[in-house]
Amino acid sequence: MTLAYVALGSNLASPAVQVRRALDGIAALPATRLVSASSLYRTAPVGYADQPDFVNAVACVDTTLSPQALLAALLALEAEFGRVRSFRNAPRVLDLDLLLYEGTECADDALTLPHPRMHERAFVMVPLSEIAPDCVIPGHGAAADLASALDKGGIERLSALS
Ligand SMILES: Nc1ncnc2c1ncn2[C@@H]1O[C@H](COP(=O)(O)OP(=O)(O)OP(=O)(O)O)[C@@H](O)[C@H]1O
Ligand SMILES: Nc1nc2c(c(=O)[nH]1)N=C(CO)CN2
């Protein structure tokens, strides 16, 4: 079994509901156990500002799926939720990014690990450091150290999941 971390984001169609349902979907993936999930956070949009606030969270899973199979399962879950791809950073019902897959670094267009932009995104690093403060992002450092150095304006913790 391998630990992996998944970022969840939504800013359409009741985002908090979408993120909670997506966590149920991740828990139901084959050969995969949901180990923990962060609180939900309301976050101001980054990159393309003229869109609704997001709800973001991070989940930790234990899986025997390969990194490629896990990403394929996550992309299938996005499609089930009605994700339509339009332009980069566009509003979305559900975005699932594979952040880290323990022991794996790769740089294909189809799958780059660690996720190349995760360390600079407070909407990822704040929930990740809540559930895994000591987790190291290869080439960048520990989640808690990275999160503490980022601007956390526009990020509000909504609720713990349990
Ligand atoms: N670690 C990864 N996690 C998720 N997708 C990845 C990863 N590495 C590469 N990709 C590829 O990126 C493609 C586009 O992903 P997506 O549409 O979610 O990007 P985005 O959410 O708009 O932007 P960003 O990647 O900056 O979050 C996916 O089809 C996938 O094949
Ligand atoms: N707050 C916030 N901003 C974003 C997000 C996101 O999940 N949350 N996702 C993006 C593309 O992946 C671009 N901008």
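Residues numbered from 1 in each chain as written. Chains lettered and ligands numbered in written order. Predicted model: local features only at pLDDT ≥ 70, side-chain atom pairs only at ≥ 80, totals over all residues. Heavy atoms only, no water.

The protein has the name 2-amino-4-hydroxy-6-hydroxymethyldihydropteridine pyrophosphokinase in an unreviewed UniProt entry, where Crenobacter intestini is given as its organism. We quote the UniProt Pathway (unreviewed entry) comment for the protein here in full: "Cofactor biosynthesis; tetrahydrofolate biosynthesis; 2-amino-4-hydroxy-6-hydroxymethyl-7,8-dihydropteridine diphosphate from 7,8-dihydroneopterin triphosphate: step 4/4." Per UniProt, the protein has the following entry under Function (unreviewed entry): "Catalyzes the transfer of pyrophosphate from adenosine triphosphate (ATP) to 6-hydroxymethyl-7,8-dihydropterin, an enzymatic step in folate biosynthesis pathway." (UniProt positions renumbered as here; feature names shortened; annotations may be inferred.)

Draft legend 1. Focus on the pairing of strand β1 (residues 2-10). Counting buried residues in β1 gives eight out of nine residues, a clear majority hidden from the surface. Of the pairings in the sheet, the one linking β1 to strand β4 (residues 54-63) comprises nine bridges and is antiparallel in character. Bridge pairing links Leu8 to Ala57 in β4. Across six bridges, the pairing between β1 and strand β5 (residues 95-101) is antiparallel. Paired with Gly9 across the two strands is Asp95, which belongs to β5. (Buried < 20%, exposed > 50% of the residue type's maximum accessible area, 1.4 Å probe, protein only. Helix = DSSP H or I, 4+ residues; strand = E, 2+ residues; numbered from the N terminus. Pairing = 2+ DSSP bridges.)

Draft legend 2. Here's a closer look at helix α2 (residues 67-80). Here α2 contains 14 residues, and its C-alpha end-to-end distance of 20 Å stays within 8% of the 20 Å for a straight helix at 1.5 Å per residue. Among all positions in α2, only Pro67, Leu70, Leu71, Ala73, Leu74, Leu77 and Glu78 are buried. Buried residues of α2, viewed axially, fall in a sector of 160°; they line one side. Exposed and oriented more than 90 degrees from the buried face of α2 are Ala79 and Glu80. In this structure, the buried side of α2 is in contact with β1, α1 (15-27), β4, β5 and β7 (112-113). Gly82 occupies a position one or two residues after α2 and carries a positive phi of about 85°. (Expected span 1.5 Å × (residues − 1). Arc of directions from axis to C-beta. Contact = heavy atoms within 4.5 Å.)

Draft legend 3. Local environment of the packing of aromatic side chains. The final tally for this structure, using the stated rule, is zero aromatic pairs. For Arg21, the ring lying beneath its charged end belongs to Phe81, and the centroid distance is 4.3 Å. (Phe/Tyr/Trp six-rings, centres within 6.5 Å; stacked < 30°, edge-to-face > 60°. Lys NZ or Arg CZ within 6 Å of the ring centre and 35° of its normal.)

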